[in-house]
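Commentary on secondary and tertiary structure
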Amino acid sequence: MPPDCLVTETGLAATISMMGTPEKPTPSPQGLALTYLRSAFNWSKARLAHALGLRDAALLSVYERGMKSLTREQLDSLVEPLGQPPEAVDVLLFAHGLIFPEPQAEAPSPVALSPEEHRMANRAAMAAGWTAGQIAARDLRAELVRRWKQEKVETARREAEELFQGLMVATPRERSALVEAFPDYWHWALAVRLCEVSVKRGAHKAGEALEFAELALSIAERVPGEKSWCSRLTGYCWAHIANARRVSNDYAGADEAFARAWGFWQAGDGSGADLLAEWVLPSMEASLRRAQRRLPEALQLLERARNSQGGSSSTALAYLLLQKENIFIQMGYIEGALAALAEAAPFVEASGDPRKIFALRFNMVDNLCRLKRYSEAEQLLPQICELAIAQANDLDLIRSSWLAAKVAAGQGRIEEAIAGLEQVSRDFTNRQLSYSAALSSLDLAVLRLQVGCTAEVKRLAVAMGWIFKAQGIHQEALAALKLFCDAALQESATEELARRVMAEI
């Protein structure tokens with residue numbers, strides 16, 4: 001049966017007879033919209049009539065030819081079988097209004113516009129209105145797509161967090177078994193979450209970093225979905241395995257893992273660009289090359305990361321520039337390190353993260369000390385102390401005291417510097433922080449040697465004995481540290497030797 005809002009077929013002939021048939025009927029905007037949508041989908045009038053339950057297409061002809069007015073409600077009913085939303089009709093009616101604007105009555109006037117001038121105004125309005133409409137529609141669509149995709153990402157991350165918390169109450173062996181047995185854990189966002197945990201654990205627990213990266217890979221290899229996307233996710237997880245191996249000083253294993261990572265990543269080219277930041281891979285590989293002392297390659301990889309997808313974001317730039325600073329320090333290019341920090345500063349400051357801001361300013365002062373620009377360094381010290389106090393972080397307070405002692409030493413206040421470094425060295429030792437304890441003790445040794453206290457340096461070398469049994473310093477640095485301690489025990493250590501060992505560590 002036809003929709004109630006349409007003219008019935010029974011009264012169609014009478015309707016036409018009563019209204020008369022104009023020689024050239026003018027289709028209404030609604031009739032033109034009906035014709036356009038029907039033709040655009042290659043539907044004949046007979047097919048549409050059949051879909052509407054009409055006996056024939058006569059009624060449709062009446063509407064399309066303009067022999068009968070067509071309301072918006074009737075038009076929506078007629079185009080419903082075509083599967084188009086009402087918005088499609090809105091666009092067509094809008095376009096018709098631009099092309100055929102309502103005539104504007106104008107009173108006689110010496111400045112009245114001619115018909116041609118009215119046509120020119122109509123054309124200009126049509127072009128401007130259509131352009132504005134296109135821009136608005138494009139921008140709205142892009143914003144809706146972005147927003148809806150972001151909502152799906154956030155939902156996926158919430159689901160992944162719930163799954164992650166469930167895994168965290170299990171043992172490592174149980175986690176692997178759960179992932180293998182239950183498809184609920186085959187979730188892309190869970191794999192990404194485990195990669196994030198791997199990076200964080202890598203700072204202190206290399207074994208756990210590798211465990212979480214391998215669990216992420218186990219999930220990635222089971223994630224359902226389009227092949228290229230799964231390949232890219234697998235490559236992303238392999239990169240985190242490489243990073244975990246690098247943290248464990250397994251450089252050969254890290255090289256092998258990066259080869260796999262890039263193979264899978266490139267096989268999935270173009271997939272998941274908005275979910276997996278490509279810059280992470282060259283950034284992690286740069287850390288490996290830095291550890292291998294292949295510093296020029298590391299810098300090239302950082303440049304590649306910066307030019308990769310996501311590498312120009314403020315978060316990425318801050319991280320990459322801090323990596324660059326570290327490499328420049330290893331190269332002995334302190335001016336370059338300071339310049340990298342200056343470039344990173346706006347991005348780090350904009351993040352509002354007090355930890356990152358503290359690290360940035362701490363490194364700036366440390367590099368100023370390396371360049372013997374102690375007056376500039378002293379001006380920044382109060383900011384660092386304020387940040388450390390605000391965060392109530394004991395380690396940051398100790399590090400702030402360490403910098404203050406370096407500045408004091410650089411400005412000739414040796415007794416003040418020695419007293420500060422003695423306390424700093426004790427604090428790091430009490431916390432069993434081998435790396436920081438070794439460096440602060442060597443700073444103290446340099447000052448002791450400057451004032452000729454070789455006996456004090458000998459006692460300091462004895463106190464550093466525990467460091468050789470601790471973790472956190474690579475073998476080459478430990479060998480250099482042992483060389484210094486042996487010399488100190490024989491009271492033959494020199495400032496130059498102490499500085500060389502610091503550079504190695």
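A short tour of the structure in this document, coming up. (Residues numbered from 1 in each chain as written. Predicted model: local features only at pLDDT ≥ 70, side-chain atom pairs only at ≥ 80, totals over all residues. Heavy atoms only, no water.)

Looking now at the overall build of the protein. Within the protein, the secondary structure is distributed over 24 helices and 0 strands. Of all 505 residues assigned to the protein, the portion counted as buried reaches 40%. Across the protein, the fraction of contacts at a sequence separation of at least 24, relative to all contacts at a separation of at least 6, is 64%. For the protein, the exposed area adds up to about 27,200 Å²; of that, 55% sits on carbon and sulfur atoms. (Helix = DSSP H or I, 4+ residues; strand = E, 2+ residues; numbered from the N terminus. Buried < 20%, exposed > 50% of the residue type's maximum accessible area, 1.4 Å probe, protein only. Contact = heavy atoms within 4.5 Å. Areas by Shrake-Rupley, 256 points an atom, 1.4 Å probe, with all protein chains shown as cover.)

Attention shifts here to the environment of leucine 281. In this structure, leucine 281 sits in helix α13 (residues 280–291). Expressed as a C-alpha distance, the spacing of leucine 281 and alanine 239, which sit 42 residues apart in the sequence, is 6.1 Å. With residues near it in sequence (within four places) discarded, leucine 281 still touches Gly235, Tyr236, Ala239, Phe258, Trp262 and Trp265.

A complete count under the given rule lists 25 salt bridges for this structure. Between arginine 72 and aspartate 76 there is a salt bridge, with its nearest N and O atoms 3.0 Å apart. Of this pair, arginine 72 and aspartate 76 both sit in helix α5 (residues 72–79), separated by 4 residues, roughly a single helical turn. Judged by relative accessible area, arginine 72 falls into the partly exposed class, the value being 28%. Overall, the relative accessible area of 28% leaves aspartate 76 in the partly exposed class. (Salt bridge = Lys/Arg side-chain N within 4 Å of Asp/Glu carboxyl O.)

For the rest of this paragraph, the subject is the nonpolar core. Nonpolar side chains in soluble globular proteins tend to end up buried together. Counting 53 residues, the largest nonpolar core has Trp188, Leu190, Leu194 and Leu233 as its most contacted members. For this core, the secondary-structure elements that each account for two or more residues are α7 (115–168), α9 (188–202), α10 (206–220), α11 (227–247), α12 (251–267), α13, α14 (295–306) and α15 (314–330). In contact with leucine 194, other than residues within four places in its own chain, are Phe164, Phe212, Leu215, Ala216 and Ile219. If you look at the next biggest cluster of nonpolar residues, it comprises 36 residues, including Ala405, Ala417, Leu444 and Ala493. (Core = buried A, V, L, I, M, F, W, Y, C linked by side-chain atoms within 4.5 Å.)

Bear in mind that shape data such as this cannot, by itself, settle questions of function.
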